[in-house]
Amino acid sequence: QVFKMAAPLYRCCARLRCLTLSVPAARYHARPRVWGLGGVYRPDPNDPDTKQWHKGAKYEAKLYGRHGDLSGVKPEGLWPSPEKLREIEEEEREWCPSVRDMLDNVEAKEREIERKKQEKERLIAANLAKMPKMVADWRREKREAKQKQRDEKARKERLMAIARDKFGLNVDSRSPKFQEMVKELEKEEKKKQKAMKRRLKEEALAAAPTAAVAPGSPTAGNP
């Protein structure tokens with residue numbers, strides 16, 4: 001029973017085998033390897049099919065490091081050119097500084113930290129020296145602000161009293177009449193202040209010649 005079930009599978013495999021064998025094999029012949037001294041494989045660098053990593057001094061150095069003189073590589077050709085050597089030295093100086101350079105950098109950073117520390121201490125000392133004056137100024141400004149508030153409050157109360165005498169008890173500070181009255185009173189106060197300043201200035205000018213020719217001065221006894 002098992003053989004009858006597997007017979008179709010065997011026949012299919014046999015047919016596929018016949019079809020495969022009837023097809024001719026591909027005509028492919030691998031390229032012969034180029035052998036150097038001592039059986040070392042060295043690809044031809046002039047061959048366009050040669051891989052890029054099989055070319056150049058880096059691969060030559062790899063062959064020489066692996067096989068030595070058997071690689072056929074001339075070691076003097078692996079030494080970098082003067083230009084390449086200068087590039088390598090510059091890169092080493094940039095990424096691998098000497099101990100002296102690293103110590104100089106550490107000392108420079110420490111000096112910079114110390115300079116910033118001293119500058120901060122001087123600033124703190126200067127601010128502490130200014131602190132009493134700053135506190136006194138703050139207290140004076142606070143007193144002046146409070147005095148200004150008291151003066152403003154007294155002025156409003158005085159204006160309200162004048163408005164009550166003029167318009168009655170039920171007066172609204174937002175009414176046009178009240179605002180107009182406030183403007184007129186402010187104008188009168190400004191005029192009074194100007195007159196007061198003018199009078200004080202005139203009195204000061206009048207007293208100046210008297211003080212200049214005071215008794216006991218050298219010019220007092222001259223005729």
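Reading the values: rules and limits
- Residues numbered from 1 in each chain as written.
- Predicted model: local features only at pLDDT ≥ 70, side-chain atom pairs only at ≥ 80, totals over all residues.
- Heavy atoms only, no water.
- UniProt positions renumbered as here; feature names shortened; annotations may be inferred.
- Core = buried A, V, L, I, M, F, W, Y, C linked by side-chain atoms within 4.5 Å.
- Buried < 20%, exposed > 50% of the residue type's maximum accessible area, 1.4 Å probe, protein only.
- Helix = DSSP H or I, 4+ residues; strand = E, 2+ residues; numbered from the N terminus.
- Patch = residues over 30% accessible without salt bridge, like charges linked within 9 Å, V, L, I, M, F, W, Y side chains within 5 Å.
- Areas by Shrake-Rupley, 256 points an atom, 1.4 Å probe, with all protein chains shown as cover.
- Salt bridge = Lys/Arg side-chain N within 4 Å of Asp/Glu carboxyl O.
- Lys, Arg positive; Asp, Glu negative; His and termini not counted.
- Charge placed at Lys NZ, Arg CZ, Asp CG, Glu CD.

The name given to the protein chain in an unreviewed UniProt entry is Large ribosomal subunit protein mL64, with the source organism recorded as Xenopus tropicalis. UniProt lists a comment for the protein chain under the heading Sequence similarities (unreviewed entry), and it reads "Belongs to the mitochondrion-specific ribosomal protein mL64 family."

> For the nonpolar core, give the residues involved together with the corresponding values.
Formed by L159, M160, A163, F178, M181, V182 and L185, the largest nonpolar core amounts to 7 residues. Mapped by element, the contributors of at least two residues to this core are helix 4 (99-167) and helix 5 (176-212). The element that contributes the greatest number of residues to this core is helix 5, accounting for 4 residues.

> Any chance you could break down a positive patch on the surface for me, citing the residues and the numbers?
A grouping of K183, K187, K190, K191, K194, K197 and R198 is seen on the molecular surface, where their side chains present a positively charged patch. Within the secondary structure layout, K190 lies in helix 5.

> For a nonpolar patch on the surface, give the residues involved together with the corresponding values.
A surface patch of nonpolar side chains, about 390 Å² in accessible area, is lined by I124, L128, M131 and M134. With respect to the helices and strands, M134 occurs in helix 4.

> Which residues make up a negative patch on the surface, and what are the values?
Taken together, the side chains of E87, E89, E90, E91, E92 and E94 make up a negatively charged region of the molecular surface. If you trace the backbone, E94 turns up in helix 3 (residues 82-95). On the basis of relative accessible area, E94 is assigned to the exposed category, the value being 59%.

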